[in-house]
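Secondary and tertiary structure notes
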Amino acid sequence: MSESAFLKTCETRGFINQCTDLDGFDAELTKGKPIAAYIGFDCTATSLHVGSLIQIMLLRHWQKAGHKPIVLMGGGTTKVGDPTGKDKSRVALTDEQIAINMAGIKTVFEKFITFGDGPTDAVMVNNDDWLSGLKYLEFLRDFGRHFSINRMLTMDSVKLRLEREQPLSFLEFNYMILQGYDFYHLADSHAVRAQFGGSDQWGNIVQGTELSRRILAEKGGKAHDLFGMTTPLFTNAAGAKMGKTADGAVWLNADMFSPYDYWQFWRNAEDAMVGKYLRWFTDLPIAEIGRLESLEGSAINDAKKVLATEATKLLHGEEAALQAAETAQKTFELGLTGDALPEITIDGAELSAGIAFTELLFRAEMTPSKGEAKKLIQGGGAKLNDEKVSDVNLLVSNAHLNAEGFIKLSAGKKRHALVKPA
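Residues numbered from 1 in each chain as written. Predicted model: local features only at pLDDT ≥ 70, side-chain atom pairs only at ≥ 80, totals over all residues. Heavy atoms only, no water.

Pairing within the open sheet is mixed, and its six strands lie in the order E1-E6-E5-E2-E3-E4. Edge positions in the open sheet fall to strand E1 (18–19) and strand E4 (123–126), since each of these has one partner strand only. The pairing of strand E2 (residues 36–42) with strand E5 (residues 192–198) spans three bridges and is parallel. Bridge pairing in E5 places alanine 37 opposite alanine 194. Here helix H11 (residues 202–218) sits on the sheet and contacts E1, E5 and strand E6 (227–231); the angle it forms with E6, its principal contact strand, is near 170 degrees. (Pairing = 2+ DSSP bridges. Helix = DSSP H or I, 4+ residues; strand = E, 2+ residues; numbered from the N terminus. Contact = heavy atoms within 4.5 Å. Axes fitted to C-alpha atoms, helices over the stretch in contact; angles between N-to-C directions.)

Right, dumping it as structure tokens:
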């Protein structure tokens, strides 16, 4: 067991996959001075999804252990595109699109870590601030010479693409060099001593650590105390990467994935993963987690509800979490409805005239198309006000409004929405 508070937490909660020098890192962390570490997040969408949550929670534990988190926004590297785990090149984004995405992503971090000017307060930086000003020939001369093409070809991000005979652009091939330069720049300008990331980033992180050591040593700086550490990827019991559902990504921004849906995502966790998810995605004490994961049979559902509520509290706040839990209880256990269910509003005149049930399912985003809505009905998975619907041509009107003035739609046992007239 490590001596430092941070690594003890990481080991106890299962955050460590690989580390460039675990003993050396532990020794540095026990010296009693705050250390800066960073994680990079490219700006490919207006929200991060739940697959990034392990990294965000790691920064949270880093700060709670008395150290300084650096959140690196990849405004520059997003223009290149990380080939890791991808069979195709990313769609090129404009500067305006990247700026919009970055603005959407930034807000989530304030839920988990504290920003400010203090020695352990988090700082957010944008690598476009230094990457866009690089002079290409000088960059190749000073930094490109430290990268072996032979070694780069063995990295998973490159090797897997080539093995699948999928094209890898020269632009993408430069990604690990730019990521390595980020580490050097932050080590030189912000005294960063460590980079964290998911296990799929191990090759890039190792390259960045080694590059930074070499360049700093050439400049006469202290180069021996830089570290890289990766976490496991967010997976299910079968080892498949998580972050998406059959209906799309589990986004962290509330306007893209509601607090109620987020609560439900965790409530539907596999039995075998409850303990692991409680360790990763909640602040609950380890002893309490041990008690919850030891529950058997139907009692494991109580642990899932705790997981859902605690995870939702961290992202959306206690009020939203408790409201989602109450709505779920009313919907699933008491057969009632709750205030946190997703809602859509239909023009009163349109509802009076009658609107197709398939159209409502589509507008409520419960099916990706009206054709899929028909399939849902034909398969017996669609309900209107908790009554199964078998008629694919059903028209819904004011006659279907319940005593509370709304219409409840259901797709399967776990997805619900309310329709209200304008």
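Before going further, it helps to examine helix H10 (residues 175–190). With 16 residues, H10 extends 22 Å from end C-alpha to end C-alpha; this agrees with the ideal 22 Å at 1.5 Å per step. In terms of residue burial, H10 counts as a mostly covered element, since 13 of its 16 residues are buried. (Expected span 1.5 Å × (residues − 1). Buried < 20%, exposed > 50% of the residue type's maximum accessible area, 1.4 Å probe, protein only.)

For the structure on display, the rule yields 20 aromatic pairs. Taking 5.9 Å as the distance between ring centres and 55 degrees as the angle between the ring planes, the aromatic pair formed by tyrosine 277 and phenylalanine 281 counts as tilted. Placement of the pair is tyrosine 277 and phenylalanine 281 together in helix H13 (residues 274–281), with a separation of four residues, close to one helical turn. What makes tyrosine 277 buried here is its relative accessible area of 2%. Overall, the relative accessible area of 1% leaves phenylalanine 281 in the buried class. Members of the aromatic cluster, joined through ring pairs, are Phe234, Tyr262, Phe265, Trp266, Tyr277, Trp280 and Phe281. (Phe/Tyr/Trp six-rings, centres within 6.5 Å; stacked < 30°, edge-to-face > 60°.)

If you trace the backbone, serine 132 turns up in the loop between helix H5 (128–131) and helix H6 (136–142). Separated by 57 residues in sequence, serine 132 and glycine 75 place their C-alpha atoms 9.4 Å apart. Separated by 2.6 Å, the side chain of serine 132 and the backbone oxygen of aspartate 128 make a polar contact. (Polar contact = N/O pair within 3.5 Å; in protein donor to acceptor, adjacent residues only side chain to side chain.)

Right, let's get into a positive patch on the surface. A cluster of basic side chains, namely Lys383, Lys388, Lys413 and Lys414, defines a positive patch on the protein surface. Here lysine 388 shows up in strand E12 (residues 387–388). Its relative accessible area of 58% is what places lysine 388 among the exposed residues. (Patch = residues over 30% accessible without salt bridge, like charges linked within 9 Å, V, L, I, M, F, W, Y side chains within 5 Å. Areas by Shrake-Rupley, 256 points an atom, 1.4 Å probe, with all protein chains shown as cover. Salt bridge = Lys/Arg side-chain N within 4 Å of Asp/Glu carboxyl O. Lys, Arg positive; Asp, Glu negative; His and termini not counted. Charge placed at Lys NZ, Arg CZ, Asp CG, Glu CD.)

What follows deals with the pattern of salt bridges. Evaluated as defined, the whole model comprises 14 salt bridges. Taking the shortest distance from any N to any O, the salt bridge between lysine 31 and glutamate 28 comes out at 3.1 Å. Judged by its relative accessible area of 55%, lysine 31 is exposed. Judged by relative accessible area, glutamate 28 falls into the buried class, the value being 12%. In this structure, aspartate 283 engages lysine 64 in a salt bridge whose closest nitrogen and oxygen atoms are separated by 3.7 Å. A residue pair is termed long-range when its members are at least 10 positions apart, and aspartate 283 in the loop between H13 and helix H14 (286–293) and lysine 64 in helix H3 (residues 53–64) qualify at 219 residues.

Attention now goes to the side chain of glutamine 201. The residue glutamine 201 is located in the loop between E5 and H11 in this model. Only 3.1 Å separates the side chain of glutamine 201 from the side chain of asparagine 204, close enough to count as a polar contact.

This part takes up the pairing of strand E15 (residues 415–421). Where strand E9 (residues 343–346) lies against E15, four bridges are found, and the strand directions are parallel. In the sheet register, isoleucine 346 faces E15, and the bridge partner there is proline 421. Pairing analysis gives five bridges linking strand E14 (residues 407–411) to E15, with the strands arranged antiparallel. Looking at the pairing, lysine 408 lines up with leucine 418 of E15. Linking E14 to E15, which pair antiparallel, is a turn of three residues; within it glycine 412 sits at a positive phi near 70 degrees.

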